[in-house]
Amino acid sequence: MKILVCISHVPDTTSKINFTDGDTKFDTNGVQFVINPNDEFGLTRAMWFKEKQGATVHVVNVGGPETEPTLRKALAIGADEAIRINTAATDGFSVAKQLANVAKEGGYDLVIGGRESIDYNGGMVPGMVAKLIGANFVNTCINLEVEGDKATAIREIDGGKETLKTSLPLVIGGQKGLVEESDLRIPNMRGIMQARTKPLNVKEPVDANSETSTVSFEKPAPKGDVKLVDSVDELINLLHNEAKAI
């Protein structure tokens, strides 16, 4: 089984976020980037298929040379090969077209992406990839088993879970539950050294128009002052008359 894991290069959630050029561009200065958490759950599940079923695992990212350390981390975790599509990730549709082209050319049985990335939270790329390559699609996937060319997936739905049976080729939008946080892998020294010798291929992009563009960014409004109260009666009065919460 050939598996392609889509990796987003996203800011660490502890990073301080700023914008430049009149709040139209994200300021990357001083920002630490990581593998998108939902993608990392998918990568870890792919490692399970590699170890249990002998699957081949490739990782792919759309981005410039600055994203290569993130791909090297994925290689250190255990992926066999990395592909960087040499273009900026401008919007969901253009990214999906680049990923779909790699998926088609590589003849992958299973494409794993995160349900959404934690930078723009678009939640659209895995579904678009599935449509573009003509594969089955399961979103919000929290468990996946593959036997031959058949797959059983569990996905999260409002108020519960849904079990689906489908066939390969398959694209999933994974999230926490596909593996648990305790199953995530920290690259060890041996993995880091091996990653230096694994292939990281740079592929030029196909033509893909961006269907959306960013007009501006805006930070959330700062939190107001904290008001301390000395009694329950005063708290109830403030909640009722000022906050209008009760």
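- The name given to the chain in an unreviewed UniProt entry is Electron transfer flavoprotein subunit beta, with the source organism recorded as Aequorivita xiaoshiensis.
- UniProt lists a comment for the chain under the heading Sequence similarities (unreviewed entry), and it reads "Belongs to the ETF beta-subunit/FixA family."

## Side note on the nonpolar core
Item 1. Counting 32 residues, the largest nonpolar core has Ile 3, Val 5, Leu 43, Val 59, Leu 144 and Ile 172 as the members making the most contacts within it.
Item 2. Per element, the largest residue contribution to this core is 5 residues, and it comes from helix α2 (residues 68–77).
Item 3. Beyond its immediate chain neighbours, meaning those up to four positions away, Leu 144 contacts Arg 45, Phe 49, Leu 110, Ala 151, Thr 152, Ala 153, Leu 170, Ile 172 and Leu 178.
Item 4. Core analysis: the second largest hydrophobic core is formed by 17 residues, Leu 4, Ile 83, Ala 103 and Tyr 108 among them.

## Focus on the UniProt feature "domain: Electron transfer flavoprotein alpha/beta-subunit N-terminal" (unreviewed entry) in the chain
Item 1. Mapped onto this structure's residue numbering, the UniProt feature "domain: Electron transfer flavoprotein alpha/beta-subunit N-terminal" (unreviewed entry) falls at residues 23–212.
Item 2. Here residues 23–212 runs as 31% helix and 32% strand, with 17 Å between its end C-alpha atoms.

## Some details on the side chain of Asn 36
Item 1. In this structure, Asn 36 sits in the loop between β5 (33–35) and α1 (37–53).
Item 2. Note on Asn 36: relative accessible area 0%, which makes it buried.
Item 3. Setting aside residues up to four positions removed in sequence, Asn 36 forms contacts with Ser 8, Val 10, Glu 116, Ser 117 and Ile 118.

## A few points about helix α3 (residues 92–106)
Item 1. If you check α3, its first and last C-alpha atoms are 21 Å apart, about what 15 residues at 1.5 Å a residue would give, namely 21 Å.
Item 2. With 11 of 15 residues buried, α3 is to be regarded as a mostly interior element.
Item 3. Buried residues of α3: Gly 92, Ser 94, Val 95, Ala 96, Gln 98, Leu 99, Ala 100, Asn 101, Val 102, Ala 103 and Gly 106, and no others.
Item 4. Buried residues belonging to α3 abut β1 (2–6), β6 (56–62), β7 (81–85), β8 (110–114), α4 (125–133) and β13 (200–203).
Item 5. Directly beyond the C-terminal end of α3, a positive phi value near 60 degrees is found at Gly 107.

## Digging into the packing of aromatic side chains
Item 1. In total, this model carries 5 aromatic pairs according to the counting rule given.
Item 2. A ring pair is formed by Tyr 120 and Phe 217, whose centres lie 6.3 Å apart and whose planes are at 35 degrees; its orientation type is tilted. Placement of Tyr 120 in the loop between β8 and α4 and of Phe 217 in the loop between β13 and α6 (232–241) is noted, with a sequence separation of 97 residues between them.
Item 3. Overall, the relative accessible area of 52% leaves Tyr 120 in the exposed class.
Item 4. Linked through ring pairs, Phe 19, Phe 26, Phe 33, Tyr 120 and Phe 217 together constitute an aromatic cluster.
Item 5. When the ring centre of Tyr 108 is taken as origin, the NZ or CZ atom of Lys 2, which lies over that ring, is 4.7 Å away.
Item 6. Positioned above the aromatic ring of Phe 49 is the side chain of Arg 45, whose terminal nitrogen or guanidinium carbon lies 5.4 Å from the ring centre.

About the criteria used
- Residues numbered from 1 in each chain as written.
- Predicted model: local features only at pLDDT ≥ 70, side-chain atom pairs only at ≥ 80, totals over all residues.
- Heavy atoms only, no water.
- UniProt positions renumbered as here; feature names shortened; annotations may be inferred.
- Core = buried A, V, L, I, M, F, W, Y, C linked by side-chain atoms within 4.5 Å.
- Buried < 20%, exposed > 50% of the residue type's maximum accessible area, 1.4 Å probe, protein only.
- Helix = DSSP H or I, 4+ residues; strand = E, 2+ residues; numbered from the N terminus.
- Contact = heavy atoms within 4.5 Å.
- Expected span 1.5 Å × (residues − 1).
- Phe/Tyr/Trp six-rings, centres within 6.5 Å; stacked < 30°, edge-to-face > 60°.
- Lys NZ or Arg CZ within 6 Å of the ring centre and 35° of its normal.

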